[in-house]
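# Examining the three-dimensional arrangement
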Amino acid sequence: MNKTRAALPIFLFLALLLAALLPRTAALDQFVTADEHKWITRSANFAYALGHGDWIHTYQREHPAVTTTWLGALGLITVLPEYAATAPGYFNPDVEDWEHWLRANTQVDPLTVLKWGRIWTVLVVALVLALTFFPLRRLFGTLSAAVAVLFVAWSPMAIAYSRQVQPDGLHSFFMYAAFVFFLSWLYGGLHRRNLLLSGMLMGLGWLTKTPVLFLVPIGGLLVLAEWWRQRRLMTDRLLLRSLLGGYVLWGAIAGLVFFLLWPALWLDPIGIFGKMYREMSAYIGGHVNPNYFMGQVTQDPGPLFYPVAIFFRTTPAVLLGVVTAVIVLLAQSRHKDRPSAAWPPLDAPARRRALWGLLAFALFFTLFMTLPAKKFDRYLLPTFLILDTIAGLGWAALAMRAGRIFSDAAKASRKPLLAVLAVTVLGLLPLHALLNLPNYPYYLTYFNPLARGSRTAPDVLFVGWGEGLDEAGRWLSRQPDAEKKRAVAWYAGGPLSYYFAGESVGVISGSRMPWLDVDYVVTYINQVQRNIPTKEAIDFFARQTPVFTATISGMDMAKVYDMRAIVAKLYQEVASPVDIPAGLAWPPMTLTTLRTLPQAPPGSVLPVELAWQGPIDGTRRLSLRLIAQDGTLVAQVDDGLEVLNTIRMFVPPDAVPGDYGLHLMVYDAASLDPIFSADGQPIVQVTTIMVEGN
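These figures come from a predicted structure and were not determined experimentally.

### Observations regarding the packing of helix α10 (residues 167-187) against helix α11 (residues 192-206)
Viewed as axis vectors pointing N to C, α10 and α11 meet at an angle of 160°, and their least axial separation amounts to 8 Å. As far as their axial angle goes, α11 and α10 are roughly antiparallel. Like other packed secondary-structure pairs, α10 and α11 cross with a definite hand, here left-handed. In this structure, α10 contributes Phe174, Ala177, Ala178, Phe181, Phe182, Ser184 and Trp185 to the contact, and α11 contributes Asn194, Leu195, Leu197, Ser198, Leu201, Met202, Leu204 and Gly205.

### Examining the packing of helix α2 (residues 36-51) against helix α3 (residues 66-79)
Interhelical geometry of α2 versus α3 gives an angle of 80° and a closest axis separation of 8 Å. Compared by their axis directions, α2 and α3 come out roughly perpendicular. On the side of α2, the interface is formed by Trp39, Ile40, Arg42, Ser43, Ala44, Phe46, Ala47 and Leu50, while α3 contributes Val66, Thr68, Thr69, Trp70, Gly72, Ala73, Leu76 and Ile77. Residues belonging to the contact of α2 with α3 are distributed by class as follows: 11 nonpolar, four polar and one charged.

### A few points about the side chain of arginine 620
Along the polypeptide, arginine 620 turns up in strand β13 (residues 620-627). An unpaired buried charge is present at arginine 620: no salt bridge exists, and aspartate 617, the closest side chain of opposite charge, is 5.9 Å distant. Within the structure, arginine 620 has its side chain in polar contact with the backbone oxygen of tryptophan 586 (distance 2.7 Å). A polar contact of 2.8 Å, which involves the side chain of arginine 620, links it to the backbone oxygen of proline 587. If we skip the residues at most four places from it in the chain, arginine 620 touches Trp586, Pro587, Pro588, Met589, Gly640, Leu641, Val666, Tyr667, Ala669 and Ile675.

### Structural notes on a nonpolar patch on the surface
Side chains of Ile56, Trp70, Leu256, Phe259, Leu260, Leu261, Trp266 and Leu267 sit close together on the surface and give an oily, nonpolar patch of about 730 Å² of accessible area. Those elements that provide at least two residues to the nonpolar patch are α13 (236-260) and α14 (263-267). With three residues, α13 is the single largest residue contributor to the nonpolar patch. Inspection of the secondary structure assignment puts leucine 260 in helix α13. Since its relative accessible area comes to 47%, leucine 260 is described here as partly exposed.

### Describing the sheet that holds strand β6 (residues 548-552)
Taken in spatial order, the five strands line up as β4-β3-β5-β7-β6 in an open sheet, and their pairing is mixed. Strands with a single pairing partner mark the edges of an open sheet, and in this sheet they are β4 (503-505) and β6. Neighbour-to-neighbour, the strand axes of the sheet open up by a mean angle of 20°, direction not taken into account. When strand β5 (residues 520-524) meets strand β7 (residues 555-562), the two strands line up antiparallel, connected through five bridges. Across the sheet, residue valine 522 finds its bridge partner in β7, namely valine 560.

### Considering the pairing of strand β14 (residues 633-640)
Across a regular strand the side chains alternate sides, sitting on one face of the sheet and then on the other. Bridge count between β13 and β14: seven bridges; the pairing is antiparallel. Residue pairing across strands places isoleucine 627 opposite leucine 633, the latter belonging to β14. Here β13 hands over to β14 after five residues, with glycine 631 in that stretch at a positive phi of 90°.

### A look at the pairing of strand β12 (residues 605-613)
For β12, the tally of buried residues reaches eight of nine residues, placing the bulk of the element in the interior. The pairing of strand β10 (residues 589-596) with β12 spans six bridges and is classified as antiparallel. Each residue of the ladder has a partner; that of threonine 590, found in β12, is glutamine 613.

### Quick word on the packing of aromatic side chains
Scanning the entire structure with this criterion turns up 37 aromatic pairs. Ring geometry for tyrosine 83 and tryptophan 101: centres 5.8 Å apart, planes at 90°, overall edge-to-face. With tyrosine 83 in helix α4 (residues 83-86) and tryptophan 101 in helix α5 (residues 98-105), the pair connects residues that are 18 residues apart, well separated along the chain. Taken individually, tyrosine 83 and tryptophan 101 each receive the classification buried, so the pair is uniform in this respect. With 6.0 Å between their ring centres and 55° between their planes, tryptophan 227 and tryptophan 228 make a pair best called tilted. On the accessibility criterion, tryptophan 228 (53% relative accessible area) is exposed. Aromatic ring contacts, followed pair by pair, group Tyr59, Trp206, Phe258, Trp262 and Phe273 into a single cluster. A cation over a ring is seen here: arginine 42 above tryptophan 39, with NZ or CZ 4.4 Å from the ring centre. The side chain of arginine 378 reaches across the aromatic face of phenylalanine 376, ending 4.5 Å from its centre.

### What about the pattern of salt bridges?
Inspection of every chain in the model, using the stated rule, returns 16 salt bridges. Where arginine 595 meets glutamate 609, a salt bridge forms, and the shortest distance between an N and an O atom there is 3.5 Å. Residue arginine 595 is located in strand β10, and its partner glutamate 609 is located in strand β12; the two are separated by 14 residues in the primary sequence.

### Things to note about the environment of methionine 690
Inspection of the secondary structure assignment puts methionine 690 in strand β18 (residues 684-691). Looking at methionine 690, the relative accessible area reads 38%, which means it is partly exposed. The contact partners of methionine 690, leaving out residues within four places of it in the chain, are Pro598, Gln599, Ala600, Gly658 and Asp659.

### A short note on unusual backbone geometry
Apart from glycine, the bulk of residues carry a negative phi angle, and the bulk of peptide bonds sit in the trans form. Cis geometry is found at the peptide bond from histidine 63 to proline 64, where omega equals 10°. Position of proline 64 relative to the elements: it lies in the loop between α2 and α3. Look at the link from tyrosine 440 to proline 441: it is a cis peptide, with omega at 0°. In this structure, proline 441 sits in the loop between α20 (415-428) and α21 (453-460). With a phi angle near 60°, alanine 65 is a residue other than glycine that sits in the positive phi range. Among the structural elements, alanine 65 can be located in the loop between α2 and α3. Here the phi dihedral of tyrosine 491 falls at roughly 60°; this positive angle occurs in a residue that is not glycine.

### Observations regarding helix α22 (residues 469-477)
Residues of α22 that are buried: Leu469, Asp470, Ala472, Gly473, Trp475 and Leu476. Those residues of α22 that are buried lie in contact with β3 (486-489), α23 (492-496), β5, β6 and β7.

### Let's talk about the environment of arginine 625
Of note, arginine 625 is situated in strand β13. Each C-alpha atom, one on arginine 625 and one on tryptophan 612, is 18 Å from the other, the two residues being 13 residues apart in sequence. In this view, arginine 625 contacts Leu633, Ala635, Gln636, Met649, Gly661, Leu662, His663, Met665 and Ile683; residues no more than four positions away in its chain are not counted. A distance of 2.9 Å separates polar atoms of two side chains, one belonging to arginine 625 and the other to serine 623.

Criteria and thresholds
Residues numbered from 1 in each chain as written. Predicted model: local features only at pLDDT ≥ 70, side-chain atom pairs only at ≥ 80, totals over all residues. Heavy atoms only, no water. Axes fitted to C-alpha atoms, helices over the stretch in contact; angles between N-to-C directions. Helix = DSSP H or I, 4+ residues; strand = E, 2+ residues; numbered from the N terminus. Parallel < 35°, antiparallel > 145°, perpendicular 65-115°, else oblique. Left-handed = near helix turned anticlockwise from the far one by under 90°. Contact = heavy atoms within 4.5 Å. Nonpolar A, V, L, I, M, F, W, Y, C, P; charged D, E, K, R; others polar. Buried < 20%, exposed > 50% of the residue type's maximum accessible area, 1.4 Å probe, protein only. Lys, Arg positive; Asp, Glu negative; His and termini not counted. Salt bridge = Lys/Arg side-chain N within 4 Å of Asp/Glu carboxyl O. Polar contact = N/O pair within 3.5 Å; in protein donor to acceptor, adjacent residues only side chain to side chain. Patch = residues over 30% accessible without salt bridge, like charges linked within 9 Å, V, L, I, M, F, W, Y side chains within 5 Å. Areas by Shrake-Rupley, 256 points an atom, 1.4 Å probe, with all protein chains shown as cover. Pairing = 2+ DSSP bridges. Phe/Tyr/Trp six-rings, centres within 6.5 Å; stacked < 30°, edge-to-face > 60°. Lys NZ or Arg CZ within 6 Å of the ring centre and 35° of its normal.

Okay, here's the thing in structure tokens:
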């Protein structure tokens, strides 16, 4: 019996490890999120730096994401151990295509590298999460700890972001585990092993992302509160040695891990910290691209963003569990420092203080993350993990209360155990874990059914981080001569390019559309939400019919448009011949037909068709220009002169409404000198185009 009892924690640890791994390891190559192609490139740079002993270049990003690049590099060398010896050097993830080099020079596909980076990341996350069972068990008991870990393990947000090679999931789990071990040290007997593990995990968190620094003030606040509570029970010297000394040791351990595992610090710690500060100051100042909240495009969603995001992203079981835990905590708090057997696992004062600590973390971290203008739901993942834990404690309290009621009524029967299992399973499965299944393998497409799920989420929150672009890429790759085609897409690098055999071209917010001479355009859900690149561009495609739509969880995530067909339709159904000046010729060529639209809104495509009569020898080119009445050049397209020139001219979104002249110039292809028309003009206005108001 004693051996069985001793083996139970180990058995539960292994079971929880398996529970954490199962939803995270399947279909790791199904889709790619928006930032991962950059992180896998940074991981390749990290591997190259390690391989060449170039320690200073283990600095890749201000986050600093060192653990992310360690694991990504491990994934790379798992499938390509000779990378450091064969790579040409470092790649800039913002402008250089590392994936192109990889495909051209090795037999390894970028998706395979990313998959292995994800595998190592998932293993670390699952192990860290399963380890939290032990401090939670010391604080709240075996059943409560197991339920709490399962709530975290099967949380949609926790699953989704812990399957990616990027810092948010990894730093959140390091931060969460460090805090849980810290609480176990503070309220579970001040055991040094918990402090040691907490410090190590905090150091790993610091190596991953700077918000983990929040642990320092929240830990200090809880230590101060504990000193205030116990100041009459101990001598000041003993209390300071136990609490303040432990707090300092905690930070020292974290600092040592931070220094030892980041080689760049070995050479220039002051320079590295200065660089981190400068780049992080710019990073948190706001979004490079606009955000979206409550149906509005915005730079700062404001203080309501995170409360709304919590409601939409959590599960009904978590909301019910948190409310239950808070109610029980308030009810039990009237006993102050006296035990109360009415509501385990909150029957002891230390357990109640630990729960207050969890609540304080959730509240203050949420407020802390509300301060910067840059806000995403994933930035609040540590709060989600804490709320999942609190919810698990709430459901465990209900389960044990139900078991106690049945125990009093049924005495030795099995009903108490069945009551505990029934309440626990009700909270974990239909109201929590099983809600992941309709969203497999993306998980990011989950939204709380109490908020009407995906039916209302796109009207409220920023939606989509690459899911669905994998389906669009696969569809494009099935088209004839796909490898010769070009497609413009938001999130072109990684999410689309990893699945599309052709060329993927990106879009920049506010820029002119680069898709006028491409085969396909792929629009994405959050691109449409934020009117990227312009509202006029999004409105233009809203009027078109897509040839493919990737729908996930009822949301149209990505739409593919056949640009060649759209332009052909514009010419056939909309453009009409216009009068041109009589005898308009550049001997021996004569312009016989001009077809275009009489008006066009800003940000739209203006189709122009020119038919020529005369010999075509390739020595001449034409330049078509849209010029304002004050002589300002608004748009220009140059093309080789053909029997039939089909041109798509982009009217920029900032074009002022009014009449514009459409001018034509013919010039020598070799010298670029203008060729004068028959009446001696270097450039001729062929018609007038009215730019409509918005």
